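Report on the structure
Here are the chains, one letter per residue:
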Amino acid sequence: MKANLVVLPGDGIGPEVTSSAVRVLQSIAKRGGHQFTFTEHPIGGCSIEKHGAALTEETLQACLASDAVLLGAVGGPKWDNPNAPVRPEQGLLAIRKGLGLYANLRPVRSHPALLDSSPVKPDRLAGVDMIVVRELTGGLYFGEPKGRTRDQSGERAVDSMVYHDYEIVRIVELAFRLAKSRRKKVSSVDKANVLETSRLWRQIASEIAVRNPGVAIEHMLVDTAAMRLITSPAMFDVIVTENTFGDILTDEASVLAGSMGMLPSASLGEKGPGLYEPIHGSAPDIAGRGIANPVGSILSAAMLLRYSLGLEQEALAIETATDRAVTDGCRTADLAGKLTTLEMTDAIIDRLSAKV
Ligand code: IPM
Ligand code: MG
């Protein structure tokens, strides 16, 4: 297979972890006789420095013309002022919107060898294997009106939570499709006791559940879900929720895996390229030191193979090799280990089976 992959390393540890993922992809390509080409483009803070914008038209066009996009992370102390007119995060939001990536898939599993790395008690963590399906192009992040006004009484700020029925239908249907190949349970998370958008969400989710009798649905309020993620995380299979709730719940869920550095994500649209990125940020405190955990980025590359290129065997090969490395005690500093980013990457490449 031939694939044209765009790499957006971004800021902080982004370049370090994406170069690890690229090495793993190159190794997979060699084993399977695939031809992957990689083209780098700027996004986030480094793009602001170079071009004055967090996402340039050139980067967006390159992504649109690609088969898939691998992203590192954006942001850093240099661009931390939330009132600045251009901010790195704008690049992330613009590329999600520009590529129509309405579905953000964030799988969270507890690895048996990492149960003690989480602050949550090990008996709660056994069997944790969930995927959070976060709506990514609607809700508070993009709703209008949005902005500030000033009148005699002072300053007023507004963000709008807006959802159209079709936005809910497509994301909940995707959650049901995923559940069918898993443990056949969807937890639809909302705040239907307060929010109108959530009442529409719950109504649509219930209708879709009726059409999918093989999958169990449970509706859960977001505050309850936040609690259950810690008290009984193994009860979840597929969680589907709106943008802001999903943002908050996935950071919380990442704690179950022992380190945020372990977690990948895939952002998918109706058609066109998907975007793959670790869920961690740019970690400016350790940037440039070569000690970042590359696993989140490497597992994102596995998701890229699975969802954008249809290379399931190759995706599994990376996931198995990563699992083995962790079982064998390979750890970076975030998990109290001594391996550098390069060494951890080598450990995973060494464990890729000879043929896929
Ligand atoms: C995430 C991040 C982003 C978000 C930020 C950086 C804009 O927190 O991908 O979860 O809120 O979506
Ligand atoms: Mg977040």
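Worth saying up front: this structure is predicted, and the values here are computed from it rather than measured.

**What to know about helix α11 (residues 312–327)**
Taking 1.5 Å per residue as the helical rise, α11 with its 16 residues ought to reach 22 Å, and the 22 Å between its terminal C-alpha atoms agrees with that figure. Of the positions making up α11, those classed as buried are E314, A315, A317, I318, E319, A321, T322, A325 and V326. Against α1 (14–32), α10 (295–307) and α12 (341–350) lie the buried residues of α11.

**Remarks on α1**
Taking 1.5 Å of rise per residue, 19 residues should cover 27 Å, and α1 covers 27 Å from first to last C-alpha, within 8% of that figure. Among all positions of α1, only G14, E16, V17, T18, S20, A21, V22, V24, L25, S27, I28 and A29 are buried. The elements touched by buried residues of α1 are β1 (2–10), β2 (35–40), β3 (68–73), α10, α11 and α12.

**Points about the pairing of strand β7 (residues 154–158)**
Where strand β6 (residues 147–151) and β7 come together, five bridges link them in antiparallel fashion. The residue bridging D151 from the neighbouring strand is G154, located in β7. Taking the residues that link successive antiparallel strands as the turn, the β6-β7 hairpin has two residues.

**What to know about the site of ligand 1**
Surrounding ligand 1, one finds E89, L92, R96, R106, R134, Y141 and D247. With respect to ligand 1, the side chain of R134 contributes an N or O atom lying 2.9 Å from an oxygen atom. Note that an oxygen atom of ligand 1 is positioned 2.5 Å from one of the side-chain N or O atoms of Y141. Across the complex, the protein chains shield 75% of the 320 Å² of accessible surface that ligand 1 would expose by itself. With three residues, helix α4 (residues 88–98) is the largest single contributor of residues to the shell around ligand 1. Its residues placed into classes, the shell around ligand 1 shows two nonpolar, no polar and five charged.

**Focus on the side chain of T18**
Relative to the assigned elements, T18 resides in helix α1. Judged by its relative accessible area of 2%, T18 is buried. Excluding its chain neighbours within four sequence positions, the residues that come into contact with T18 are V7, P9, L70, L71, G72 and S297.

**Considering the domain arrangement of the protein**
Annotation of the protein at the domain level lists domain 1 (1–108 + 261–356) and domain 2 (119–130 + 137–257). Measuring from the centre of the C-alpha atoms in domain 1 to the corresponding centre in domain 2 gives 24 Å. Taken residue by residue, the interface counts 16 residues in domain 1 and 17 residues in domain 2. Carbon and sulfur atoms make up 67% of the surface buried where domain 1 meets domain 2, a total of about 1500 Å² over both sides. Salt-bridge contacts for R170 lead to E270; the nearest nitrogen and oxygen are separated by 3.9 Å. For the side of domain 1 that touches domain 2, the secondary structure elements donating two or more residues are α4 and β4 (103–109). No other element matches β4, which puts five residues into the side of domain 1 that touches domain 2. In the side of domain 1 that touches domain 2, the residues fall into 11 nonpolar, one polar and four charged.

**Some thoughts on the pattern of salt bridges**
Applying the stated criterion across every chain, the model contains 20 salt bridges. As a salt-bridge pair, R148 and E155 come within 3.0 Å of each other at their nearest N and O atoms. According to the relative accessible area criterion, R148 is exposed, its value standing at 58%. Its relative accessible area of 49% is what places E155 among the partly exposed residues. Across the pair D237 and R182 runs a salt bridge, and its minimum N-O distance is 2.8 Å. With D237 in the loop between α8 (222–231) and β10 (238–241) and R182 in the loop between α6 (165–180) and β8 (185–190), the pair connects residues that are 55 residues apart, well separated along the chain. Among the residues examined, D237 registers a relative accessible area of 1% and is labelled buried. A cluster of three or more residues bridged by salt bridges with shared partners is formed by D129, R182, R183 and D237.

The rules behind each value
- Residues numbered from 1 in each chain as written.
- Chains lettered and ligands numbered in written order.
- Predicted model: local features only at pLDDT ≥ 70, side-chain atom pairs only at ≥ 80, totals over all residues.
- Heavy atoms only, no water.
- Helix = DSSP H or I, 4+ residues; strand = E, 2+ residues; numbered from the N terminus.
- Expected span 1.5 Å × (residues − 1).
- Buried < 20%, exposed > 50% of the residue type's maximum accessible area, 1.4 Å probe, protein only.
- Contact = heavy atoms within 4.5 Å.
- Pairing = 2+ DSSP bridges.
- Near = heavy atom within 4 Å.
- Polar contact = N/O pair within 3.5 Å; in protein donor to acceptor, adjacent residues only side chain to side chain.
- Areas by Shrake-Rupley, 256 points an atom, 1.4 Å probe, with all protein chains shown as cover.
- Nonpolar A, V, L, I, M, F, W, Y, C, P; charged D, E, K, R; others polar.
- Domains from an automatic or database assignment.
- Buried area = accessible area lost by both parts, 1.4 Å probe.
- Salt bridge = Lys/Arg side-chain N within 4 Å of Asp/Glu carboxyl O.

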